[in-house]
Amino acid sequence: LEPFGYYESQTTTSLTALSENHYRLSVRIDSGLPVRIRSVRVDLQGEGAGKKRLAELAGRFPLRTGDILNQEAYEGAKSRIRARAVDLGFLAAEYRVHEIRIHRAERWAEIELTLDTGPEFRFGPVSFQGAPAYPEAFLKRYQSFKTGDVFSYARLAETQMQFLDSDRFKDVSVVAREDAAVDRQVPIDVNLTPSARIRLRPGVGYGTDTGARFSLRYKDLDVFELGHELTADLLLAELKQSFTAAYIIPDARDLRTYSAVRAGSIQEDLDTYETRSLFVEFEHVRNLGQGQIASVFVRLLEENSKIGEVEDFDSRILLPGARYSRRGYPSLVRPRKGYYFGLEVRGAHENLGSDTNLFQCLASGNFLMPLPGRFSLFARFEGGATLYDDPFSSFPASLRFFAGGDQSVRGYAYQSLGPKSGQEVVGGKHLAVGSLEIERAVGKDWGVAVFYDTGNAFDSLSGLDLAQGAGIGVR
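Reading the values: rules and limits
- Residues numbered from 1 in each chain as written.
- Predicted model: local features only at pLDDT ≥ 70, side-chain atom pairs only at ≥ 80, totals over all residues.
- Heavy atoms only, no water.
- Axes fitted to C-alpha atoms, helices over the stretch in contact; angles between N-to-C directions.
- Helix = DSSP H or I, 4+ residues; strand = E, 2+ residues; numbered from the N terminus.
- Parallel < 35°, antiparallel > 145°, perpendicular 65-115°, else oblique.
- Contact = heavy atoms within 4.5 Å.
- Expected span 1.5 Å × (residues − 1).
- Buried < 20%, exposed > 50% of the residue type's maximum accessible area, 1.4 Å probe, protein only.
- Arc of directions from axis to C-beta.
- Polar contact = N/O pair within 3.5 Å; in protein donor to acceptor, adjacent residues only side chain to side chain.
- Pairing = 2+ DSSP bridges.
- Phe/Tyr/Trp six-rings, centres within 6.5 Å; stacked < 30°, edge-to-face > 60°.
- Lys NZ or Arg CZ within 6 Å of the ring centre and 35° of its normal.
- Salt bridge = Lys/Arg side-chain N within 4 Å of Asp/Glu carboxyl O.
- Patch = residues over 30% accessible without salt bridge, like charges linked within 9 Å, V, L, I, M, F, W, Y side chains within 5 Å.
- Areas by Shrake-Rupley, 256 points an atom, 1.4 Å probe, with all protein chains shown as cover.
- Lys, Arg positive; Asp, Glu negative; His and termini not counted.
- Charge placed at Lys NZ, Arg CZ, Asp CG, Glu CD.

Draft legend 1. Geometry of the packing of helix α1 (residues 52-59) against helix α2 (residues 71-87). In contact at an axis separation of 10 Å, α1 and α2 are set at 175° when each is read in the N-to-C sense. Relative to α2, α1 is oriented roughly antiparallel. Every residue of α2 that contacts α1 at Arg-53, Leu-54, Leu-57 and Ala-58 is listed here: Arg-80, Ile-81, Arg-84, Ala-85 and Asp-87.

Structure follows, in structure tokens:
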């Protein structure tokens, strides 16, 4: 009981025989009167004495005058104050005085702490070992600090995680050599073990939106030893065949900023339409921080479409646009809460080399919130609108809106919902789809859910015919 302030406790025991080999041990504890705190003094000295975050933590010392002496609380607070000093760059922070003076007869105690923060340290030069094929400028993208920044172990840990999350390295250690600090600058060693540069990933499966499918992904993570990335994807499915490739040039300063050139060929053969297209797209993506990503792009699209009873026709469209998204999911594996929002605007004009004039706006989003009893609520929406003056019969299939499928209104075939011409679904100028889902977690890795979907593609609000689907699923 002494660590909790009781220095006069009395303990008595007695042993009573119950049988030849069984006894009852009785223990009686009288805690007595506690030792209380008469004074608390927490001083900060050194260069860090004026740091607001450190002074605030010291000012919130959990033991006050009149409190029962609790050495567990004392040790915890003492450790947190020093750890805060170290996190602020004061690596040599030490207590010059750390005393609890106990007067047992009077039942009171005095606490005195004096922390000398010492000098403020900063990040020094960074050296990389183990990955000579990657240029140093590329590796520096994964640093969460720059030489000269205030030293922080949290930033070292963040740097290590960013290297690991890149999927380019199978082992990473980031070491601060404090004993080699010069002029208060701590040199940093980053030791890397690269993972395989070339990846080839085959897959087979079945999906209601594609039918039976075979896929093959090729990835080169260090093209020309510049840190550039090349990916190529082949999909052979009953309803869709495609080959796409992307060349990604990372930004030298920001981890989530890059430029990409994409090209590909896509062919779909559905009950609703048939389409064959070639495209080339350039996109520049910029990280805005706090989960926000923005980009500008331009896409050149050549497409041959056959929709409903209309004879197949060709389209050439130069489509510039912009995208914005914000993601707030703390966990990517099994999130308990979070949200996502995405917005895209794009347009085309005859004066820019397109066959037609158009403007489209697309929005999508979802959010997840926890409910009592291991339940959760998931909601999503998707919408789109088109301004288009020419006859809609010449509008390419890939830019029309359809609904239905496992990512849209479930219970309806993929792309089977939309305005009709006669008995044929031909797609619409606009789209509105929403879904509500309640899931109950089962064990660690499973869940059961009930859902309700509604929505459709349409040409005008007066023609909106909401399709509905409901069901139950297991994950």
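Back to the write-up after that little detour.
Draft legend 2. View of helix α4 (residues 153-165). When the terminal C-alpha atoms of α4 are compared, their 18 Å separation across 13 residues agrees well with the 18 Å that a helix rising 1.5 Å per residue should span. All buried positions along α4 are accounted for by Leu-156, Thr-159, Gln-162 and Phe-163. End-on view of α4: buried residues confined to an arc of 125°, all on one side of the axis. Structurally, α4 contributes buried residues whose contacts are with β6 (122-129), α3 (136-139), β7 (169-176) and β8 (185-194). Sitting at the amino-terminal end of α4 is Ser-152, which places a side-chain oxygen 3.2 Å from the backbone nitrogen of Ala-154. Backbone geometry just downstream of α4 places Asp-167 in the positive-phi region, at approximately 65°.

Draft legend 3. Just the sheet that holds strand β5 (residues 108-116), in detail. Strand order in this open sheet of three strands is β3-β5-β4, and the pairing throughout is mixed. One side of each edge strand has no neighbouring strand; the edge strands of this open sheet are β3 (36-45) and β4 (94-103). Within the sheet, the average angular offset between the axes of one strand and its neighbour, ignoring direction, is 5°. The pairing of β3 with β5 spans nine bridges and is parallel. Each bridged residue has a counterpart across the sheet, and for Asp-43 the counterpart in β5 is Thr-114. Docked against the sheet, α2 engages β3, β4 and β5, running at close to 165° with respect to β4.

Draft legend 4. Region of interest: the packing of aromatic side chains. Applying the stated rule across the entire model yields 14 aromatic pairs. With a centroid separation of 6.1 Å and an interplanar angle of 80°, the aromatic rings of Tyr-388 and Phe-392 are classed as edge-to-face. For the pair shown, Tyr-388 and Phe-392 are each scored as buried. Members of the aromatic cluster, joined through ring pairs, are Phe-128, Tyr-134, Phe-138, Tyr-142, Phe-163 and Phe-169. Just above the ring of Phe-297 sits the side chain of Arg-323; from NZ or CZ to the centre is 3.8 Å. Here the guanidinium or amino end of Arg-400 rests over the ring plane of Phe-392, the centre of that ring lying 4.6 Å away.

Draft legend 5. Geometry of the side chain of Thr-159. Here Thr-159 is to be found in helix α4. Look at Thr-159 and you get buried, because its relative accessible area is 0%. Side-chain polar atoms of Thr-159 contact the backbone oxygen of Arg-155, separated by 2.8 Å. Beyond its immediate stretch of four places on either side in the chain, Thr-159 contacts Tyr-142, Gln-143, Ser-144, Phe-145 and Val-174.

Draft legend 6. Local environment of the sheet that holds β6. Pairing is mixed across the open sheet formed by three strands, whose spatial order is β6-β8-β7. At either end of the open sheet lies a strand with only one pairing partner, and these are β6 and β7. Going from strand to strand, the sheet's axes swing by 20° on average, the running direction of each strand aside. Here β7 pairs with β8 via seven bridges, running antiparallel. Residue pairing across strands places Ala-176 opposite Ile-188, the latter belonging to β8. Contacts between α4 and the sheet are confined to β6, β7 and β8, with β7 contributing the most and set at about 165° to the helix.

Draft legend 7. Spotlight on the pattern of salt bridges. Scanning the entire structure with this criterion turns up 34 salt bridges. With a closest N to O distance of 3.2 Å, Glu-281 and Arg-262 form a salt bridge. Of this pair, Glu-281 sits in strand β14 (residues 273-289) while Arg-262 sits in strand β13 (residues 258-269), and the two are 19 residues apart along the sequence. You can call Arg-262 partly exposed: its relative accessible area is 22%. One salt bridge connects Arg-316 with Glu-302, and the closest N-O pair in it is separated by 2.4 Å. Taken together, the residues span a long stretch of sequence, with Arg-316 in strand β16 (residues 313-327) and Glu-302 in strand β15 (residues 292-307) at a distance of 14 residues.

Draft legend 8. Quick look at a nonpolar patch on the surface. A contiguous nonpolar patch, built from Leu-1, Leu-15, Tyr-23, Leu-25, Val-27 and Ile-29 and spanning about 660 Å² of accessible area, is present on the exposed surface. A total of four residues in the nonpolar patch trace back to one element, the largest contributor, which is strand β2 (residues 23-30). Checked against the element boundaries, Ile-29 lands in strand β2. With relative accessibility at 54%, the residue Ile-29 sits in the exposed group.

Draft legend 9. Representation of a negative patch on the surface in the model. On the surface, a cluster of negative charge is made up of Glu-311, Asp-312, Asp-314, Glu-350 and Asp-355. Tracing the sequence through the fold places Glu-350 in the loop between β17 (338-348) and β18 (358-371).

Draft legend 10. Main features of α1. When α1 is considered as a whole, its buried residues turn out to be Leu-54, Leu-57 and Ala-58. Burial along α1 is one-sided: seen end-on, the buried residues are contained in an arc of 100°. Packed against the buried residues of α1 are β3 and α2.

Draft legend 11. Molecular detail of the environment of Glu-439. Positionally, Glu-439 belongs in strand β22 (residues 430-442). Overall, the relative accessible area of 16% leaves Glu-439 in the buried class. Sequence separation between Glu-439 and Ala-17 is 422 residues, and the spatial gap between their C-alpha atoms is 57 Å.

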